[in-house]
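Coordinate inspection notes
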Amino acid sequence: MAASGGRRLLWRGRRWFSQTDSAVPPPPPDSLYPPVVASATAKSKAAKRRRLEYFHQRVHAAASIEEKLRLYGQLQRPKYMVYPQTFALNADRWYRSFTKTVFVPGLPPRAAPAAAEGPGAVAPEADQAPAPAAPGAAEPPEPAAGAAPNLDVGELRSLACDALLQESFYQAKKRPFLYRDQDHTPGPFLTQLVSTLAASLCGRNPLLAASSLDLKPEVNYYWHHGEEVVVHGHRKGRVDPVRFQIDDKPHLQIRVPKQLPEVAPLESDLGDVPVIDHKPSKLPLFKKQYENKVFIGSKVADPCCYGHTQFHLIPDKLKRERFVRANLEDQIEVLYRANGIASLFAWTAAQAMYQGFWNEADVTRPFVSQAVVTDGKYFAFFCYQLNTLALTVETIQNNPRKNICWGTDSKPLYDVVEGSSVKGFNDEVLLQLVHFLLNRPKEL
């Protein structure tokens, strides 16, 4: 016997069975109990992993940059204090290891002066009139994109010499206090030099006209790199990330509303990063527990949220003469390199965090800034490109990116000041400083 709709009734002894051609399995019943997860307070690896995942979720879900920075530095533990200006031997190799930075001698093509031309070729003097072109002669080639044509080197040299003589000759200054020589003449000279050159070059670089010049600002950055076992206290035996904090205070810095252009592609590999297996305390670095801070020198809402150039003044305790007296001439350039690497890493990394990036959400574009390190007479120039913030143990394993720092050795701006004249003025150093100030995005 058959029934409509494809149903058949079968006789099995004394019972009737109904059979359907297309049977749909019933949905599985919902679980009556929540999923089993690790304890949030236990000492197990699963509990630690759960706490870390919960922390990442909170930072990702932060409603604002201020809230994200607050959550990022909320947990306070003892951390190593990294000093950009340090007396430690070979500190630049350690700082490159802490920050995953490749150091490239020299400056990149975009940050280098015009190709091997003398000061007179790049910028003719005011009293030299250009020669008239012949009727059938070819037109002179246009200057390069970053060469800043028609610079009056004589005027720029006069501004630099006036600033130097103003602080070292025209003012009747008393004898400085002990270890305060840099605050006596080199500090005011650097302030006046930078402010005068920046004001003079505003017409050539519209980015400088919209910039913000900070005097002795505070720059901070906090990050994790590596692991260590806690050896003291109630948390003895636990594995913790190695924590670092840079608290920098440049003499001057220029912040701009638009980002400087990248120098190299994000995935560039220009060298190797030193691998140092010793504890940072062997450098030596010392631990201290205090506020974890990320700061570029201004609040998040400031429109000038990108870094252009920093100017660092070497303190008296690290003067060149002290290294010479201690037979440590090879450590003079190490001091400049360590200052440039640590200061620019902290500044560019803090800028990236102001844009919402951090070690679990790595940068999608490079951040570029410049630095000038000087003792008032010798100048060294550095350009830094931040390619990654992923430096923790969990994120560094599959991260091929490396941060890059280009730098030069220190060169004297002048030889000596005799009375009201400056002897042996170096135009090459002045032009490099001017070129740093003229650096700007391509669209400008």
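In what follows, the structure referred to is the one given above.
Here's a quick rundown of the structure.

1. Brief notes about the pairing of strand S10 (residues 306-313)
- Most of S10 sits out of view: eight of its eight residues are buried.
- Here five bridges tie S10 to strand S11 (residues 367-374), and the two strands are oriented parallel to one another. Paired with Thr309 across the strands is Gln370, a residue of S11.

2. A look at helix H1 (residues 45-60)
- With 16 residues, H1 should cover 22 Å at 1.5 Å per step; its first-to-last C-alpha distance of 22 Å lies within 8% of that length.
- Taken together, the buried positions of H1 are occupied by Ala47, His56 and Val59.
- Considering only its buried residues, H1 is in contact with helix H2 (65-72).

3. A look at the state of the cysteines
- In the structure shown here, the tally under the stated rule is zero disulfides.
- Left without a disulfide partner, Cys304 is nearest to the cysteine sulfur of Cys305, which lies 7.8 Å away.
- Overall, Cys304 belongs to the buried group, its relative accessible area being 8%.

4. Some details on the environment of Leu252
- Residue placement: Leu252 occurs in strand S8 (residues 252-256).
- Counting along the chain gives 57 residues from Leu252 to Ser195, while the straight-line C-alpha distance between them is 9.6 Å.
- Beyond its immediate stretch of four places on either side in the chain, Leu252 contacts Leu190, Thr191, Val194, Leu213, Asp214, Leu215, Thr309, Gln310 and Phe311.

5. As for the pairing of strand S4 (residues 101-105)
- Counting buried residues in S4 gives four out of five residues, a clear majority hidden from the surface.
- In the sheet, S4 pairs with strand S13 (residues 403-407) via five bridges, with the strands oriented parallel. Along S13, the bridge assignment pairs Val102 with Ile404.

6. Overview of the nonpolar core
- By size, the foremost hydrophobic cluster in this structure holds 103 residues, and its most contacted members are Tyr95, Tyr221 and Trp223.
- Here this core gets 15 residues from one element, more than from any other, and that element is helix H10 (residues 332-354).
- The residues touching Tyr95, leaving out its near neighbours within four places in the chain, are Val82, Tyr83, Pro84, Thr86, Leu283, Ala338, Ile341 and Ala342.

How each quantity is defined
Residues numbered from 1 in each chain as written. Predicted model: local features only at pLDDT ≥ 70, side-chain atom pairs only at ≥ 80, totals over all residues. Heavy atoms only, no water. Buried < 20%, exposed > 50% of the residue type's maximum accessible area, 1.4 Å probe, protein only. Helix = DSSP H or I, 4+ residues; strand = E, 2+ residues; numbered from the N terminus. Pairing = 2+ DSSP bridges. Expected span 1.5 Å × (residues − 1). Contact = heavy atoms within 4.5 Å. Disulfide = S-S within 2.5 Å. Core = buried A, V, L, I, M, F, W, Y, C linked by side-chain atoms within 4.5 Å.

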